[in-house]
Amino acid sequence: VQLQASGGGLVQAGGSLRLSCEASGNIEGNNDMGWYRQGPGQERDLVASITSGGSTAYGDSVKDRFTISRENAKNTVYLQMDSLKPEDTGVYYCKFVDRRTRWNYWGRGTLVTVSS
């Protein structure tokens, strides 16, 4: 499975960005997709995840500001980020989990910078 993420960039605090991640290759129907963030000098933490059935989970710091969604027909996951804060700055990584094999796949990451 290969993951291609896009949509990162520079935005002012309070602004919005939308990230996209398309999965390609040997895609099993039962899978989870999500976004993780790694800030400067920090560990990679969950931002949001979504199952193929549409169940979602969010990190505490982004609840009520970020929305994850997906289009199964396109094997694509989206992350709508609103009310961005400087602490949202980091590299955002897309993750794909094959529930049958339990294999995890990671995208290369896309940089999001929020200026104050």
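Below is a short write-up of the structure. For clarity, every value in this text was computed on a predicted model and none was experimentally measured.

**Quick word on the side chain of Arg65**
Right, so step 1: Among the structural elements, Arg65 can be located in the loop between β6 (56–58) and β7 (66–71).
Right, so step 2: Assessed through its relative accessible area of 10%, Arg65 is described here as buried.

**Describing the state of the cysteines**
Note on terminology: a disulfide is the covalent bond linking the sulfur atoms of two cysteines.
Right, so step 1: This structure, assessed with the given rule, holds one disulfide.
Right, so step 2: A disulfide bridge connects Cys21 with Cys94, and the sulfur atoms are separated by 2.1 Å. Taking the torsion about the S-S bond as the criterion, the Cys21 to Cys94 disulfide, at about -90°, is left-handed. Placement of the pair is Cys21 in strand β3 (residues 17–24) and Cys94 in strand β9 (residues 90–98), with a sequence separation of 73 residues.

**As for the sheet that holds β7**
Right, so step 1: Strand order in the open sheet made by the four strands is β1-β3-β8-β7, with antiparallel pairing throughout. A strand with exactly one partner marks an edge of an open sheet, and here the two such strands are β1 (2–6) and β7. In this sheet, adjacent strand axes meet at a mean angle of 15° when their direction is disregarded.

**A few points about the nonpolar core**
Right, so step 1: Within the largest apolar cluster, 25 residues are counted, with the highest numbers of intra-cluster contacts made by Trp35, Leu79, Met81 and Tyr92.
Right, so step 2: No other element matches β3, which puts four residues into this core.
Right, so step 3: Other than its neighbours up to four places away in sequence, Tyr92 contacts Leu19, Trp35, Tyr36, Arg37, Val47, Phe66, Leu79, Met81, Gly109, Thr110 and Val112.

**Remarks on the pattern of salt bridges**
It is possible for side chains of opposite charge to pair when their charged atoms get near one another.
Right, so step 1: Counted under the stated rule, the structure contains five salt bridges.
Right, so step 2: The partner of Lys63 in a salt bridge is Asp60, with the nearest N and O atoms 3.2 Å apart.
Right, so step 3: Residue classification places Lys63 among the partly exposed positions, given a relative accessible area of 43%.
Right, so step 4: Members of the salt-bridge network, linked through shared partners, are Arg37, Arg65 and Asp88.

**Quick look at unusual backbone geometry**
Right, so step 1: Positioned with a positive phi, Asp64 is a non-glycine residue whose angle comes to about 75°.
Right, so step 2: The exposure class assigned to Asp64 is exposed, which follows from its relative accessible area of 82%.
Right, so step 3: Look at Asn75: it is not a glycine, yet its phi comes out positive at around 50°.
Right, so step 4: According to the relative accessible area criterion, Asn75 is partly exposed, its value standing at 24%.

**Digging into the packing of aromatic side chains**
Right, so step 1: For the coordinates displayed, the defined rule picks out two aromatic pairs.
Right, so step 2: Relative to Trp106, the ring of Tyr36 has its centre 5.1 Å away and its plane inclined at 70°; by these criteria the two rings are edge-to-face. Of this pair, Tyr36 sits in strand β4 (residues 31–38) while Trp106 sits in strand β10 (residues 104–106), and the two are 70 residues apart along the sequence.
Right, so step 3: For the ring pair Phe96 and Tyr105, a centre distance of 6.1 Å and an interplane angle of 65° mean the geometry is edge-to-face.
Right, so step 4: For Phe96, a relative accessible area of 1% gives the class buried.
Right, so step 5: Note that Arg18 overlies the ring of Tyr78, its terminal NZ or CZ placed 4.1 Å from the centroid.
Right, so step 6: Geometry around Tyr93 places Arg44 over its ring, the cationic atom sitting 3.6 Å from the centre.

What counts as what
Residues numbered from 1 in each chain as written. Predicted model: local features only at pLDDT ≥ 70, side-chain atom pairs only at ≥ 80, totals over all residues. Heavy atoms only, no water. Helix = DSSP H or I, 4+ residues; strand = E, 2+ residues; numbered from the N terminus. Buried < 20%, exposed > 50% of the residue type's maximum accessible area, 1.4 Å probe, protein only. Disulfide = S-S within 2.5 Å. Pairing = 2+ DSSP bridges. Axes fitted to C-alpha atoms, helices over the stretch in contact; angles between N-to-C directions. Core = buried A, V, L, I, M, F, W, Y, C linked by side-chain atoms within 4.5 Å. Contact = heavy atoms within 4.5 Å. Salt bridge = Lys/Arg side-chain N within 4 Å of Asp/Glu carboxyl O. Phe/Tyr/Trp six-rings, centres within 6.5 Å; stacked < 30°, edge-to-face > 60°. Lys NZ or Arg CZ within 6 Å of the ring centre and 35° of its normal.

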